[in-house]
Amino acid sequence: MSTSSYFLPGTIDEAVSLAKAHPNDHVFYAGGTDIQLHVKQRLIKPNTIIDLTAIESLKSVSIQKKNMKLGTMVTLDQIVKNPDIQKFYPILAEAAKSIATPVIRKSATLGGNLKVSNRCSFYNQSFDWRQSVGSCLKDTGDICQVTGGLNHCYSRNVSDLVPALIALNARIMVQTSTGINEMPLIDLYVPDGLIVHTPLGVGGIITEIFTSDEPSKWWFKKLRLRKSLDFTSLTVAATVNKKDVLRVCVNGVSMAPVLVETGINDVTLEGLILQVKRACKTVDNDYMPLKYRREMISAFITDCWNTFH
Amino acid sequence: MQKVKLHINGFTRTLLVNAHETLLDTLRERLNLTGTKRGCDQGSCGSCTVLLDGTPVLSCITPTIRCDGRKILTIEGIGVNGHLHPVQERLASDGGLQCGFCTPGVVMTAVPFLQENPDATDDDIKEALSGNLCRCTGYKKIIEAVRHAAEDLRHG
Ligand SMILES: Cc1cc2nc3c(=O)[nH]c(=O)nc-3n(C[C@H](O)[C@H](O)[C@H](O)COP(=O)(O)OP(=O)(O)OC[C@H]3O[C@@H](n4cnc5c(N)ncnc54)[C@H](O)[C@@H]3O)c2cc1C
Ligand code: SF4
Ligand code: FES
Ligand code: FES
């Protein structure tokens, strides 16, 4: 019988203190739609569950003119349906709408999506499946099943909100037991599945995300087999702002989101594709074939480029 | 273990649960409410959908401990005064079910959706039910049945 403890703090300070008291075995629970999959597949068994649902201050939505500030317990369903987000930041509403299913989006949160666990076809499998193939670095094994390497995990960052928010130049507020920090969202991610979210710090809570970089043009597309339920095999989000800065963010094909930021007139299509492909460490760990996914990076960026020009 | 009080289909049940017990396990294995189905058991098929304070959730990925003091409605409680709900009526009469395994999940997704969207189009219904997998019907009859139910509900 499990001996896990469950806490329902009412404030961020309380949640952060609980995490500090249980540094090695706690998990923050938001919608739970990602954590529970890992529990079910026996990939994690958290001993201390810190449920964030009672913290009202994490649920605020503020959009004043072009300034958008969202608490991290805002659900994806709220993002899809918010008329101000649809008006000023439609790329974010579109990205949220592409995630999971309408029912899951009622539980799934923004914060959980920023920290959704990286995916790999050798890791996100049932216990029996993993036993038969052999465990890997990210689990209890000692080699990567995809590359045979001993040090790095190439599991894919699969968040769909993250590329949209990075294309919007978003920043986050993080609270830990030592204080409150502000950072660009892109700095939250390290390109290695074993340490991908470490800049958050142990026991760090992302409290808020904000941007004021309203785009004049935007583009978003997600590659997957079915229009619902499936995680991404490639997501591209791009914006051009009022100062003609192009921001292209690619996710689902590397361990962390990849951003290329440049003046729209300072780059050619070929140069842009080359920069993105060089930065992506795409390996054969998705149900879609590697060659196809690599080709689709070029296809999506070409489509995006043609829309912007 | 922690004590939780669940208000299920108008009845109150008090149970001791551990932090990892899911609502689906509680309903099926401890309360014998087996109308809620276990399909994939990992958030990907919709057959375990129930209402938590009126909002549809997947009971297979909802820890019971989070439902303390809250209202849960399952397929056993969706009918009104001993009659099937109009969505159930239409699924049965219009060929919207074959083996019936996905049906409780379809009903528990469609009912709150039609409450919020009484004038839903076929495309809206398709999108709303896009997380409910059905291996038998090919979906067309389900969509039609839900549209007919919406018409029935509108005309009282
Ligand atoms: C069938 C299915 C399909 C899915 N499809 C997609 C998809 O297409 N794209 C996609 O991106 N995701 C998908 N998901 C995964 C998941 O539903 C979403 O990523 C969701 O947004 C996660 O949010 P959550 O609140 O449920 O996260 P949780 O499961 O509660 O948490 C996820 C992680 O974030 C951490 N966390 C949560 N909030 C905070 C915070 N404020 N500060 C610090 N850490 C925090 C948790 O500790 C945990 O590590 C899918 C899930 C299912 C079941
Ligand atoms: S990329 Fe390698 S180490 Fe990482 S999850 Fe996949 S198999 Fe495991
Ligand atoms: S059994 Fe819960 S979604 Fe499939
Ligand atoms: S009727 Fe058999 S699965 Fe839907």
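Let me sum up the structure you'll find in this document.

## Remarks on the overall build of chain A
Along its length, chain A carries eleven helices and twelve strands. Over its C-alpha trace chain A gives a radius of gyration of 19 Å, about what one expects of a compact globule, namely 19 Å for 309 residues. Across its three principal axes, chain A shows a C-alpha extent of roughly 60 × 50 × 35 Å. Across the 309 residues in chain A, those meeting the buried criterion constitute 57%. Contacts in chain A between residues at least 24 apart in sequence constitute 62% of all its contacts with a sequence separation of at least 6.

## What to know about the interface of chain A and chain B
At the interface, 31 residues of chain A touch 26 residues of chain B. For the chain A and chain B pair, buried surface summed over both sides reaches about 2300 Å², with 60% attributable to carbon and sulfur atoms. It is Tyr6, Lys40 and Val103 of chain A that lose the most area in chain A upon contact with chain B, and together they represent 27% of the buried surface on that side. Put simply, chain A and chain B have five salt bridges between them. Inspection of the chain A/chain B interface yields ten residue pairs in polar contact (both at pLDDT 80 or more). Secondary structure elements with two or more residues in the side of chain A that touches chain B: helix H2 (35–40), strand E3 (48–51) and helix H6 (102–107) of chain A. A total of six residues in the side of chain A that touches chain B trace back to one element, the largest contributor, which is H6 of chain A.

## Notes on the sheet that holds strand E1 (residues 5–7) of chain A
All names here are of chain A. The three strands lie next to each other as E1-E3-E2, forming an open sheet whose pairing is parallel. Two strands lie at the open edges of the sheet, namely E1 and strand E2 (26–29), each paired on one side alone. Here the strands of the sheet are splayed against their neighbours by 20° on average, with no regard to which way each runs. The pairing of E1 with E3 spans three bridges and is parallel. Opposite Tyr6, over in E3, you have Ile49 as the bridge partner.

## What about the pairing of strand E3 (residues 49–52) of chain B?
Residue and element names in this part refer to chain B. Of the two faces of E3, the one lined by Thr49 and Leu51 and the one lined by Val50 and Leu52 are each fully buried. In this structure, E3 lies alongside strand E4 (residues 55–58), joined through four bridges in antiparallel fashion. Looking across to E4, one finds that Thr49 is bridged to Leu58. What sits between the antiparallel neighbours E3 and E4 is a turn of two residues, in which Asp53 has the positive phi angle 50°. When E3 meets strand E5 (residues 71–73), the two strands line up antiparallel, connected through two bridges. Each bridged residue has a counterpart across the sheet, and for Leu52 the counterpart in E5 is Ile72.

## Some thoughts on the packing of helix H10 (residues 269–279) of chain A against helix H11 (residues 290–308) of chain A
All names here are of chain A. At their nearest, the axes of H10 and H11 sit 10 Å apart, and the two run at 140° to each other. By the criterion of interaxial angle, the relationship of H10 to H11 is oblique. Classified by chirality, the crossing of H11 by H10 is right-handed. Only Arg294, Ile297, Ser298, Ile301, Thr302 and Trp305 of H11 make contact with H10, whose side of the interface consists of Leu269, Leu272, Ile273, Val276 and Lys277. Residue composition of the contact of H10 with H11, grouped by class: seven nonpolar, two polar and two charged.

## Description of the packing of aromatic side chains
Residue and element names in this part refer to chain A. For the coordinates displayed, the defined rule picks out two aromatic pairs over all chains. With 6.3 Å between their ring centres and 70° between their planes, Phe122 and Trp129 make a pair best called edge-to-face. Taking the relative accessible area as the measure of exposure, Phe122 reaches 24% and is therefore partly exposed. Taking the relative accessible area as the measure of exposure, Trp129 reaches 31% and is therefore partly exposed. The interplanar angle of 75° and the centroid separation of 6.0 Å between the aromatic rings of Trp219 and Phe300 together place this pair among those described as edge-to-face. With Trp219 in strand E9 (residues 217–223) and Phe300 in helix H11, this pair connects stretches of sequence that are 81 residues apart. As far as the burial class goes, Trp219 and Phe300 line up, both buried. Note that Arg42 overlies the ring of Phe127, its terminal NZ or CZ placed 4.7 Å from the centroid.

About the cut-offs
- Residues numbered from 1 in each chain as written.
- Chains lettered and ligands numbered in written order.
- Predicted model: local features only at pLDDT ≥ 70, side-chain atom pairs only at ≥ 80, totals over all residues.
- Heavy atoms only, no water.
- Helix = DSSP H or I, 4+ residues; strand = E, 2+ residues; numbered from the N terminus.
- Rg over C-alpha atoms; globule rule 2.2 N^0.38 Å.
- Buried < 20%, exposed > 50% of the residue type's maximum accessible area, 1.4 Å probe, protein only.
- Contact = heavy atoms within 4.5 Å.
- Buried area = accessible area lost by both parts, 1.4 Å probe.
- Salt bridge = Lys/Arg side-chain N within 4 Å of Asp/Glu carboxyl O.
- Polar contact = N/O pair within 3.5 Å; in protein donor to acceptor, adjacent residues only side chain to side chain.
- Pairing = 2+ DSSP bridges.
- Axes fitted to C-alpha atoms, helices over the stretch in contact; angles between N-to-C directions.
- Parallel < 35°, antiparallel > 145°, perpendicular 65-115°, else oblique.
- Left-handed = near helix turned anticlockwise from the far one by under 90°.
- Nonpolar A, V, L, I, M, F, W, Y, C, P; charged D, E, K, R; others polar.
- Phe/Tyr/Trp six-rings, centres within 6.5 Å; stacked < 30°, edge-to-face > 60°.
- Lys NZ or Arg CZ within 6 Å of the ring centre and 35° of its normal.

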